[in-house]
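Structural description and commentary
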Amino acid sequence: MSPGRKIVNLALQGGGAHGAFTWGVLDALLEDERIGFEAISGASAGAMNAVVLAAGYATGGTEGARLALDRFWRGISLEGRVAGPRTTLLETWFGAWHMPFKTPKLPFLDLFAQMASPYDFNPLNVNPLKDLIAEQVDFEALKGCRDLKIFISATTVTSGKIKVFTNRDLSPDAVMASACLPMLFHAVEIDGEHYWDGGYMGNPPLFPFFGETRTGDILLVQINPIVRPEVPRTAKDILERVNEITFNGSLLRELRAIDFVNRMNAEGRLDPTLYQTNRVHRIDGAEDLAAYSGSTRLDTSFAFFEDLKAIGRDAAHRFLDDHFDDIGVRGTLDLRGAFA
């Protein structure tokens, strides 16, 4: 890292195709020479953004990271135009199941949910995203990268516990474990254990930062809204809200724990050499993305990705304009307001 940079730990939420918003945020942060990263955590689409960025950085610095992200999202768009079952599965991952949103465009998903498992309707476990990740990410470079620590989450099927994969563990299977939607893909087996989507238990995981990094600043890139002002009435809206709450649950618990430790440190009741005070910041895409219906998570056109990228870049610029001076000094996310 260049001298004088402010260093943060990045925490990237999953969010299907809306992860292109995170791409825009990352692109703007990488472009800004005042910001550097010590570690990145992520779940699902956030995990993909994390490993693509880190692999690009390991081989080509900040510009390499920006190019790698651009290539990845272009690759998703190209995959999305391939005819046949691969398109259906890719679009389903980005749209209907990640949160999961069931739309009139894919009514057969309701039938699958009631009558079939992925072991029935996807017996070959086809997953175009794994092929794309394997093609574009240099996992050996990631394992040897000393400048960026990576933490991606998955959920252990048998125990329900969180599994965090770090640089030395990373592989296409590890990334697919973090993005394994159980109603669409077979559980991912790694070393005899089986995993589902990391969003259930760490979306994204924050606790690895506490003992594994030196920086006390966490920058959360959030896609899934915590607050909805209206009570949902339709079956679709109820389902969407249930899943928003589910996929934000682990994050809220971690924010509560950070707030507790910060308050105990402020009151002198903990040993600060053992319990680090963390300054938490957030770039929140929920309000911007609320303008897009759930069905847009099916849109794999590059034009749509570019729109979300532009929105993410704008959000990152607003954050830097408003809060760059706060980094390293004070947290800018109202933790108690976020979870209470």
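Here, the structure is the one placed above.
Let us look at the structure shown here. (Residues numbered from 1 in each chain as written. Predicted model: local features only at pLDDT ≥ 70, side-chain atom pairs only at ≥ 80, totals over all residues. Heavy atoms only, no water.)

1. As for the nonpolar core
If you look at soluble globular proteins, the nonpolar side chains tend to sit buried side by side. Core analysis: the largest hydrophobic core is formed by 71 residues, its most contacted members being Phe-21, Phe-37, Val-51, Leu-53, Ile-133, Phe-165 and Phe-305. Counting residues per element, this core draws most heavily on helix 2 (residues 45–80), at 15 residues. Phe-209, Ile-226, Val-280 and Phe-339 belong to the second-largest nonpolar core, a separate cluster that totals 18 residues. (Core = buried A, V, L, I, M, F, W, Y, C linked by side-chain atoms within 4.5 Å. Buried < 20%, exposed > 50% of the residue type's maximum accessible area, 1.4 Å probe, protein only. Helix = DSSP H or I, 4+ residues; strand = E, 2+ residues; numbered from the N terminus.)

2. Side note on helix 12 (residues 302–323)
Spanning 22 residues, helix 12 covers 31 Å between terminal C-alpha atoms, matching the ideal 32 Å at 1.5 Å per step. For helix 12, the complete set of buried residues consists of Phe-302, Phe-304, Phe-305, Leu-308, Lys-309, Ile-311, Gly-312, Arg-313, Ala-315, Ala-316, Phe-319 and Leu-320. (Expected span 1.5 Å × (residues − 1).)

3. As for helix 1 (residues 19–31)
The end-to-end C-alpha distance of helix 1, which contains 13 residues, comes to 18 Å, matching closely the 18 Å that a straight helix rising 1.5 Å per residue would cover. Counting buried residues along helix 1, twelve of its 13 residues qualify, which places the element largely inside the surrounding structure.

4. Some thoughts on the packing of helix 1 against helix 12
For any two helices packed against each other, one specifies the inter-axial angle together with the distance between the axes. One way to put it is that helix 1 packs onto helix 12 with a least axis distance of 6 Å and a crossing angle of 50 degrees. In this view, helix 1 runs oblique relative to helix 12, as classed from their interaxial angle. Like other packed secondary-structure pairs, helix 1 and helix 12 cross with a definite hand, here right-handed. The residues of helix 12 that touch helix 1, namely those facing Ala-20, Phe-21, Trp-23, Gly-24, Val-25, Asp-27, Ala-28, Leu-29 and Glu-31, are Phe-302, Phe-305, Leu-308, Lys-309, Ile-311, Gly-312, Arg-313, Ala-315, Ala-316, His-317 and Leu-320. (Axes fitted to C-alpha atoms, helices over the stretch in contact; angles between N-to-C directions. Parallel < 35°, antiparallel > 145°, perpendicular 65-115°, else oblique. Left-handed = near helix turned anticlockwise from the far one by under 90°. Contact = heavy atoms within 4.5 Å.)

5. Brief notes about the packing of aromatic side chains
Under the counting rule described, the total for this entry stands at eight aromatic pairs. Between Phe-151 and Phe-209, the aromatic rings sit 6.1 Å apart at their centres with planes inclined by 75 degrees, giving edge-to-face as the arrangement. Separated by 58 residues along the polypeptide, Phe-151 in strand 3 (residues 149–156) and Phe-209 in helix 9 (residues 208–212) bring together distant segments of the chain. With relative accessibility at 4%, the residue Phe-151 sits in the buried group. Geometrically, the ring pair formed by Phe-304 and Phe-305 is tilted, given 6.5 Å between the ring centres and 45 degrees between the ring planes. Since its relative accessible area comes to 6%, Phe-304 is described here as buried. Residue class for Phe-305 comes out buried when judged on its relative accessible area of 0%. One aromatic cluster is present, built from ring pairs that chain together Trp-23, Phe-72, Trp-73, Phe-302, Phe-304 and Phe-305. (Phe/Tyr/Trp six-rings, centres within 6.5 Å; stacked < 30°, edge-to-face > 60°.)

6. A word on the environment of Lys-143
Tracing the chain through its elements places Lys-143 in helix 7 (residues 139–143). Sequence separation between Lys-143 and Thr-166 is 23 residues; the distance between their C-alpha atoms is 8.5 Å.

7. So, the pattern of salt bridges
On inspection of all chains with the given rule, the structure shows 18 salt bridges. Bridged by salt links that share partners, the residues Asp-27, Glu-31, Glu-63, Arg-66 and Arg-313 form one connected network. (Salt bridge = Lys/Arg side-chain N within 4 Å of Asp/Glu carboxyl O.)

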